[in-house]
Amino acid sequence: MFFESWSDFLNMGGYGFYVWLSYGISLISILIFAVQSYHGKAAVFREIKREELREQRLQATQSRGKL
């Protein structure tokens, strides 16, 4: 589809509001999902590190008890 001017492009044949609104909502949704994924990944790594430290403390306690 070819447009005569930038104004026609933005207007999208009278449907510009809906077209650009849908693009905006899609972009915002994708950004929200990306941020949630990043924070979720960070939370998982924190939990793994916490569990590793707990295991190390348990092993250290058990080895002291055997001496």
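Since we're looking at a predicted model, the values are computed, not measured.

A. Seen up close, the UniProt feature "transmembrane region" (unreviewed entry) in the chain. This chain's UniProt record puts "transmembrane region" (unreviewed entry) on residues 20-40. Structurally, residues 20-40 is divided into 100% helix and 0% strand, and its ends, taken at the C-alpha atoms, are 30 Å apart.

B. Structural context of the environment of Tyr 23. As for its position among the elements, Tyr 23 is in helix H2 (residues 16-66). Here the alpha-carbon distance between Tyr 23 and Arg 50, two residues 27 residues apart in the chain, equals 41 Å.

C. Focus on the environment of Ala 43. Assignment of secondary structure puts Ala 43 in helix H2. Remark: the alpha-carbon pair of Ala 43 and Tyr 18, spanning 25 residues in sequence, is separated by 37 Å.

D. Region of the structure containing a nonpolar patch on the surface. On the surface, a nonpolar cluster with roughly 610 Å² of combined accessible area is contributed by Tyr 15, Phe 17, Tyr 18, Leu 21 and Ile 25. On the accessibility criterion, Leu 21 (40% relative accessible area) is partly exposed.

E. A look at the pattern of salt bridges. Enumeration over the complete set of coordinates arrives at two salt bridges. With a shortest N-O distance of 2.7 Å, Glu 47 and Arg 50 are connected by a salt bridge. Taken together, the residues span about one helical turn, with Glu 47 and Arg 50 both in helix H2 at a distance of three residues. Measuring nitrogen to oxygen at the nearest pair gives 3.6 Å for the salt bridge that ties Glu 51 to Arg 50.

F. Main features of the packing of aromatic side chains. For the coordinates displayed, the defined rule picks out five aromatic pairs. The interplanar angle of 75 degrees and the centroid separation of 5.4 Å between the aromatic rings of Phe 3 and Phe 9 together place this pair among those described as edge-to-face. A relative accessible area of 26% places Phe 9 in the partly exposed class. An angle of 35 degrees between the planes, with centres 5.6 Å apart, marks the rings of Trp 20 and Tyr 23 as tilted. Of this pair, Trp 20 and Tyr 23 both sit in helix H2, three residues apart, roughly one helical turn. With relative accessibility at 54%, the residue Tyr 23 sits in the exposed group.

Cut-offs and rules
- Residues numbered from 1 in each chain as written.
- Predicted model: local features only at pLDDT ≥ 70, side-chain atom pairs only at ≥ 80, totals over all residues.
- Heavy atoms only, no water.
- UniProt positions renumbered as here; feature names shortened; annotations may be inferred.
- Helix = DSSP H or I, 4+ residues; strand = E, 2+ residues; numbered from the N terminus.
- Patch = residues over 30% accessible without salt bridge, like charges linked within 9 Å, V, L, I, M, F, W, Y side chains within 5 Å.
- Areas by Shrake-Rupley, 256 points an atom, 1.4 Å probe, with all protein chains shown as cover.
- Salt bridge = Lys/Arg side-chain N within 4 Å of Asp/Glu carboxyl O.
- Buried < 20%, exposed > 50% of the residue type's maximum accessible area, 1.4 Å probe, protein only.
- Phe/Tyr/Trp six-rings, centres within 6.5 Å; stacked < 30°, edge-to-face > 60°.

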